[in-house]
Amino acid sequence: MVELTRTRFEELVGDALDTIPPELTGMMDNVVITVSEDPPEPGLLGLYVGIPLTERGDSYAGALPDQIFIYWREICACCDTEDQVVDEIRVTVVHEIAHHFGIGDQRLHDLGWG
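Thresholds applied
- Residues numbered from 1 in each chain as written.
- Predicted model: local features only at pLDDT ≥ 70, side-chain atom pairs only at ≥ 80, totals over all residues.
- Heavy atoms only, no water.
- Pairing = 2+ DSSP bridges.
- Helix = DSSP H or I, 4+ residues; strand = E, 2+ residues; numbered from the N terminus.
- Axes fitted to C-alpha atoms, helices over the stretch in contact; angles between N-to-C directions.
- Contact = heavy atoms within 4.5 Å.
- Phe/Tyr/Trp six-rings, centres within 6.5 Å; stacked < 30°, edge-to-face > 60°.
- Buried < 20%, exposed > 50% of the residue type's maximum accessible area, 1.4 Å probe, protein only.
- Lys NZ or Arg CZ within 6 Å of the ring centre and 35° of its normal.
- Parallel < 35°, antiparallel > 145°, perpendicular 65-115°, else oblique.
- Left-handed = near helix turned anticlockwise from the far one by under 90°.
- Nonpolar A, V, L, I, M, F, W, Y, C, P; charged D, E, K, R; others polar.

The name an unreviewed UniProt entry gives the chain is Metallopeptidase family protein, with Nocardiopsis rhodophaea as the organism.

Given below as C-alpha coordinates:
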(Lines give C-alpha, C1' and ligand atoms only; values in the text may rest on other atoms or scores of the structure.)
Protein backbone atom coordinates (compact mmCIF):
# COMPACT_ATOMS: atom_id res chain seq x y z
CA MET A 1 0.00 0.00 0.00
CA VAL A 2 1.20 3.49 -0.85
CA GLU A 3 0.38 6.44 1.38
CA LEU A 4 -0.39 9.54 -0.69
CA THR A 5 -2.32 12.63 0.22
CA ARG A 6 -5.42 13.29 -1.80
CA THR A 7 -3.76 16.44 -3.15
CA ARG A 8 -0.75 14.46 -4.41
CA PHE A 9 -3.03 11.83 -5.94
CA GLU A 10 -5.05 14.55 -7.72
CA GLU A 11 -1.77 15.96 -9.10
CA LEU A 12 -0.91 12.51 -10.48
CA VAL A 13 -4.35 12.23 -12.10
CA GLY A 14 -3.75 15.64 -13.70
CA ASP A 15 -0.36 14.44 -14.94
CA ALA A 16 -1.99 11.35 -16.45
CA LEU A 17 -4.58 13.51 -18.20
CA ASP A 18 -1.78 15.65 -19.62
CA THR A 19 -0.43 12.55 -21.42
CA ILE A 20 -3.66 12.02 -23.34
CA PRO A 21 -3.26 13.40 -26.87
CA PRO A 22 -5.04 16.75 -27.31
CA GLU A 23 -6.80 15.35 -30.38
CA LEU A 24 -8.65 12.98 -28.03
CA THR A 25 -9.26 15.29 -25.10
CA GLY A 26 -10.58 17.86 -27.57
CA MET A 27 -13.27 15.39 -28.62
CA MET A 28 -14.39 14.63 -25.05
CA ASP A 29 -17.75 16.23 -24.46
CA ASN A 30 -19.74 16.96 -21.32
CA VAL A 31 -17.66 14.78 -18.99
CA VAL A 32 -16.17 15.49 -15.56
CA ILE A 33 -13.25 13.57 -14.05
CA THR A 34 -13.39 13.29 -10.27
CA VAL A 35 -11.08 11.76 -7.68
CA SER A 36 -13.17 9.89 -5.11
CA GLU A 37 -12.03 8.17 -1.94
CA ASP A 38 -13.65 4.77 -2.14
CA PRO A 39 -15.38 2.79 -4.90
CA PRO A 40 -18.93 1.47 -4.67
CA GLU A 41 -17.46 -2.05 -4.70
CA PRO A 42 -14.04 -3.36 -3.63
CA GLY A 43 -11.43 -3.71 -6.34
CA LEU A 44 -12.87 -1.03 -8.61
CA LEU A 45 -10.17 1.49 -9.59
CA GLY A 46 -12.26 3.70 -11.85
CA LEU A 47 -15.80 4.05 -13.11
CA TYR A 48 -17.46 5.76 -16.07
CA VAL A 49 -21.07 6.82 -15.52
CA GLY A 50 -22.86 8.35 -18.45
CA ILE A 51 -23.85 7.98 -22.06
CA PRO A 52 -20.89 7.23 -24.37
CA LEU A 53 -20.36 9.56 -27.30
CA THR A 54 -21.28 6.72 -29.67
CA GLU A 55 -24.74 6.38 -28.10
CA ARG A 56 -25.76 10.02 -27.87
CA GLY A 57 -28.62 11.15 -30.01
CA ASP A 58 -30.87 14.17 -30.36
CA SER A 59 -32.40 13.57 -26.93
CA TYR A 60 -29.00 14.00 -25.25
CA ALA A 61 -29.16 17.81 -25.31
CA GLY A 62 -29.23 19.34 -21.85
CA ALA A 63 -28.03 16.18 -20.10
CA LEU A 64 -25.97 16.42 -16.94
CA PRO A 65 -22.26 15.76 -17.47
CA ASP A 66 -21.00 12.20 -17.64
CA GLN A 67 -18.67 11.34 -14.78
CA ILE A 68 -15.40 9.49 -14.58
CA PHE A 69 -14.45 8.50 -11.05
CA ILE A 70 -10.85 7.62 -10.16
CA TYR A 71 -10.69 5.87 -6.78
CA TRP A 72 -7.81 7.21 -4.73
CA ARG A 73 -7.69 4.77 -1.82
CA GLU A 74 -8.28 1.67 -3.98
CA ILE A 75 -5.43 2.51 -6.36
CA CYS A 76 -3.06 3.29 -3.50
CA ALA A 77 -4.04 0.03 -1.78
CA CYS A 78 -3.02 -2.13 -4.76
CA CYS A 79 0.36 -0.48 -5.33
CA ASP A 80 3.71 -0.78 -3.54
CA THR A 81 5.45 2.32 -4.92
CA GLU A 82 4.49 5.75 -6.16
CA ASP A 83 5.71 4.75 -9.63
CA GLN A 84 3.17 1.91 -9.60
CA VAL A 85 0.48 4.40 -8.57
CA VAL A 86 1.44 6.62 -11.52
CA ASP A 87 1.17 3.66 -13.91
CA GLU A 88 -2.14 2.48 -12.45
CA ILE A 89 -3.66 5.96 -12.61
CA ARG A 90 -2.68 6.28 -16.27
CA VAL A 91 -4.15 2.90 -17.18
CA THR A 92 -7.33 3.68 -15.24
CA VAL A 93 -7.72 7.14 -16.78
CA VAL A 94 -7.22 5.77 -20.31
CA HIS A 95 -9.64 2.90 -19.59
CA GLU A 96 -12.42 5.17 -18.35
CA ILE A 97 -11.93 7.75 -21.13
CA ALA A 98 -12.20 4.87 -23.60
CA HIS A 99 -15.62 4.07 -22.14
CA HIS A 100 -16.61 7.70 -22.78
CA PHE A 101 -15.73 7.05 -26.44
CA GLY A 102 -17.87 3.91 -26.45
CA ILE A 103 -15.10 1.32 -26.20
CA GLY A 104 -16.19 -1.65 -24.08
CA ASP A 105 -14.25 -3.73 -21.55
CA GLN A 106 -13.65 -6.67 -23.90
CA ARG A 107 -12.15 -4.45 -26.61
CA LEU A 108 -10.00 -2.68 -24.02
CA HIS A 109 -8.81 -6.04 -22.73
CA ASP A 110 -7.99 -7.13 -26.29
CA LEU A 111 -5.97 -3.94 -26.75
CA GLY A 112 -4.04 -4.51 -23.50
CA TRP A 113 -5.84 -1.86 -21.43
CA GLY A 114 -7.92 -4.41 -19.51
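On we go.
> Can you help me understand the sheet that holds strand β2 (residues 46-49) in this one?
Two pairing modes exist for strands in a sheet, parallel and antiparallel, and in both the strands are linked by backbone hydrogen bonds. Overall, mixed pairing links the 3 strands, which are arranged β1-β3-β2 in an open sheet. Edge strands, defined here as strands with exactly one partner in the open sheet, are β1 (31-36) and β2. Across the sheet, the axes of successive neighbouring strands diverge by a mean angle of 15°, strand direction being ignored. The sheet contacts of helix α1 (residues 6-18) involve β1 and β3 (66-71), and relative to β1 the element is tilted by about 145°.

> Help me out: how do you make sense of the packing of aromatic side chains in this one?
Given two aromatic rings, one states the distance between the centres and the angle between the planes to describe the pair. A complete count under the given rule lists 1 aromatic pair for this structure. Taking 6.3 Å as the distance between ring centres and 10° as the angle between the ring planes, the aromatic pair formed by F69 and Y71 counts as stacked. For Y71, a relative accessible area of 4% translates into the label buried. Between R73 and the ring centre of W72, over which it is positioned, the NZ or CZ distance is 4.4 Å.

> Sorry, what's going on with the packing of α1 against helix α4 (residues 82-100) here?
When two helices pack together, their arrangement is captured by the angle between the axes and the distance separating the axes. The N-to-C vectors of α1 and α4 enclose an angle of 55°; their axes lie 9 Å apart at closest approach. When the interaxial angle is binned, α1 and α4 end up oblique. Here α1 runs over α4; the crossing is right-handed. Contacts between α1 and α4 involve R8, F9, L12, V13, A16 and L17 on the former and, on the latter, E82, V85, V86, I89, R90, V93 and I97. Split into classes, the residues belonging to the contact of α1 with α4 amount to 10 nonpolar, no polar and 3 charged.

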